[in-house]
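A structural walkthrough
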Amino acid sequence: MKHTKVIDVLKSDKLLQPITVKGWVRSFRNDRFIAINDGSTIKNIQCVLEDNTIDQHIIDRINIGAAIVVDGTLAESEGKGQRVEIKVTSIDIQGDADPEELKLTILSPKRHSLEKLREQAHLRVRTNTFGAIMRLRSKLSFAIHEYFQKNDFYYVHTPIITGSDAEGAGEAFKVTNFDLNNVPKDENGAIDYKQDFFGRETNLTVSGQLEGETYAMGLGQIYTFGPTFRAENSNTSRHLAEFWMVEPEIAFCDLDGNMDLAEDFIKYVIQYVLDNCQDDLEFLENRLVQEDKQKPQAERAEMLLRDKLKFVLENNFKRVSYTEAIEILKNSKPNKKKKFKYPINEWGADLQSEHERYLVEKHFKCPVILFDYPAKIKAFYMRLNEDEKTVRAMDILFPGIGEIVGGSQREERLDVLKEKMKALEIPEEELWWYLDTRKFGTCTHSGFGLGFERLVLFVTGMGNIRDVIPYPRTPLNAEF
Ligand code: 4AD
Ligand code: MG
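Report on the accompanying structure. The shown structure was predicted, so the numbers you read here are calculated from the model rather than taken from an experiment. Residue numbering note: each chain is counted from 1, following its sequence as written. As a convention, the first chain written is A and the first ligand written is 1, with the rest following in written order. It should be noted that, the model being predicted, local features are given only for residues of pLDDT at least 70 and side-chain atom pairs only at 80 or more, the latter also being counted only at that level, while totals for whole chains, interfaces and linings use all residues. For side-chain calculations, the full set of non-hydrogen atoms in the structure is used, while hydrogens and water are omitted.

1. Thoughts on the pattern of salt bridges
To keep things clear, this is the line we draw: A pairing counts as a salt bridge when a side-chain nitrogen of Lys or Arg comes within 4 Å of a carboxyl oxygen of Asp or Glu. Counting from the N terminus, the helices are DSSP H or I runs at least four residues long and the strands are E runs at least two residues long. Partly exposed describes any residue whose relative accessible area lies between the buried limit of under 20% and the exposed limit of over 50%, with all areas from a 1.4 Å probe on protein chains only and scaled to the type maximum.
Here the structure, examined in full by the defined rule, presents 27 salt bridges. Across the pair R357 and E361 runs a salt bridge, and its minimum N-O distance is 2.9 Å. Here the residue R357 and the residue E361 both occupy positions in helix α12 (residues 353–364), the gap between them amounting to four residues, near one helical turn. Since its relative accessible area comes to 28%, R357 is described here as partly exposed. What makes E361 partly exposed here is its relative accessible area of 26%. For the salt bridge of R383 with E412, the shortest nitrogen-to-oxygen distance reads 2.9 Å. Residue R383 is found in the loop between β13 (368–374) and β14 (390–398), and its partner E412 is found in the loop between β15 (402–409) and α13 (414–423); the two are separated by 29 residues along the sequence. There is no split in this pair, since R383 and E412 are both buried.

Take a look at the structure:
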């Protein structure tokens, strides 16, 4: 018989009818009540064993973690906390879970730290917390596609292996097929990439932007949504070596249009999860409330998770120029009291996450879009302003997260772009194809990149980026 997903069983009103569910045992009380979860929802279905219907040797195998198939009839629940339950007629154990061995895993029924759960990332999706996070992650991905598709953007698959380092930060992972014990050298003793698989130096992409721009010049408005890789040695709760990025790119759009799009897009996907993921959000919200009880008053969250999400929807992002932000930071209490690790003394300083968080969490107390950054601290492709000091860059800063989006209006003037590349020693030969877009029908255009895991962090209220991606890749860690 076809089985019914727990999410549908819980909504069903077909009382007294036969029903089959398949899932994993979450708990078994009094040799009578089995709670089963199948991943379709955070909620379990309660299955009740009537006296003498199930053989003792089967009952003995109903252990936490086991995969079981339950046949029974749907009944109104007599217990509290659920509307319906299943009166069991037969049970088939598909996969046993030995309780002694299970004790050594994170599936054992006691509280495990998030660090411990990370060590068993292959099992953690069977916990309520990670089930909720990963369902939200999936729904957010869908909402992202839905937003862009509804707004007539085309989804472009930019390459994962590429010859360019879009951000020019030198943080790309190399891709090679060389025998590393015997790397071919040319007559000058340098590595001879001509003999490598692609006949040239290649790396994993750090961003799909440059290729995305070429496609926006034909399709008008595009977006990418794929994995990106950065070999930056940042062991923080906000950085991954492999993360997913959403990158729209729009022809005939300036920085203001870019900011409008980013804000509208973020609000749409947050509204989507508020509308479609109530149970998981409620669970994560309560989890945070419990977690906060262990903390001193000053460190507790000011808002409940869903209120925080609604707050973002209901308020305009505050748009502030870099120059204004520097003034605010210079005169801020932590700067004057030398509380910042990197004190802000002058215009031109790169903003660290402590500064971004001060602006968002202490000063403005809402999402902030900073724009018109000094050219010196931003990438080569950003459009130079009339002042010749600043570029049309924007970063969106979120409470508890810091930078969630980075983007810009692009430098569309061939001569200015070439000048900039020369100054930064980026060889024209490497980006001849990128320069072609400026030769043939160049136009005002803009785009941004949203770090998907940072969005998932914000929406789930989790504190560490390693907990919002199934298998995090970070320095010295690529298990699974
Ligand atoms: O600011 P970034 O480096 O911008 C770009 O890559 C542009 N090419 C995007 C564009 O304009 N199309 O990265 C964009 C976003 C950041 O704001 C951050 O949210 C996220 O990507 N990000 C990371 N997320 C997790 N781990 C890392 N190591 C990240 N580096 C950047
Ligand atoms: Mg950035």
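There is more to say after this.
2. A closer look at a negative patch on the surface
Just so we agree on the cut-off: Each patch groups residues whose relative accessible area exceeds 30% and which form no salt bridge, using 9 Å between like charges and 5 Å between nonpolar side chains of Val, Leu, Ile, Met, Phe, Trp and Tyr. Exposure was quantified through the Shrake-Rupley algorithm and a 1.4 Å probe, taking into account, for residues, occlusion by the shown protein chains and nothing else. Charge assignment: positive for Lys and Arg, negative for Asp and Glu; neither His nor the chain ends contribute. Charged side chains are reduced to one point each, which is NZ for Lys, CZ for Arg, CG for Asp and CD for Glu.
A cluster of acidic residues, E201, E428, E429 and E430, forms a negative patch on the protein surface. Mapped onto the elements, E429 comes out in the loop between α13 and α14 (432–439). On the basis of relative accessibility, which here comes to 62%, the residue E429 falls in the exposed class.

3. Side note on the packing of aromatic side chains
Rule in force here: In this scheme Phe, Tyr and Trp rings, the latter by its six-membered ring, pair at centre separations within 6.5 Å, and the angle between planes marks the pair as stacked below 30 degrees, edge-to-face above 60, and tilted otherwise.
Per the counting criterion, the structure on display carries 22 aromatic pairs. The interplanar angle of 35° and the centroid separation of 4.9 Å between the aromatic rings of F148 and F265 together place this pair among those described as tilted. With a gap of 117 residues between them, F148 in helix α5 (residues 128–150) and F265 in helix α7 (residues 255–276) connect regions that are remote in the sequence. When its relative accessible area of 0% is taken as the criterion, F148 is described as buried. Judged by relative accessible area, F265 falls into the buried class, the value being 0%.

4. Observations regarding the side chain of R287
The condition that has to hold: Whether two residues touch is decided by their heavy atoms; if any such pair falls within 4.5 Å, the residues are in contact.
As for its position among the elements, R287 is in helix α8 (residues 278–293). Contact partners of R287, with chain neighbours within four places excluded, come to L114, T129 and M462.

5. Examining the site of ligand 1
Heads up, the condition is: Here a residue is considered near a molecule or strand provided that any single heavy atom belonging to it is located within 4 Å of it. Polar contacts here mean pairs of N or O atoms no more than 3.5 Å apart (in protein, one a potential hydrogen donor and the other a potential acceptor; neighbouring residues in sequence count only if both atoms are side-chain atoms).
If you check the shell around ligand 1, you find 24 residues, and the closest are E167, Q209, E232, E247 and E403. Between ligand 1 and the protein, one listed contact pairs a nitrogen atom with a side-chain N or O atom of S207 at 3.0 Å. Measuring from a nitrogen atom of ligand 1, one finds a side-chain N or O atom of Q209 at 2.7 Å. In terms of residues, the shell around ligand 1 owes the most to one element, β15, which gives five residues.

All we've got here are geometric facts, nothing functional implied.
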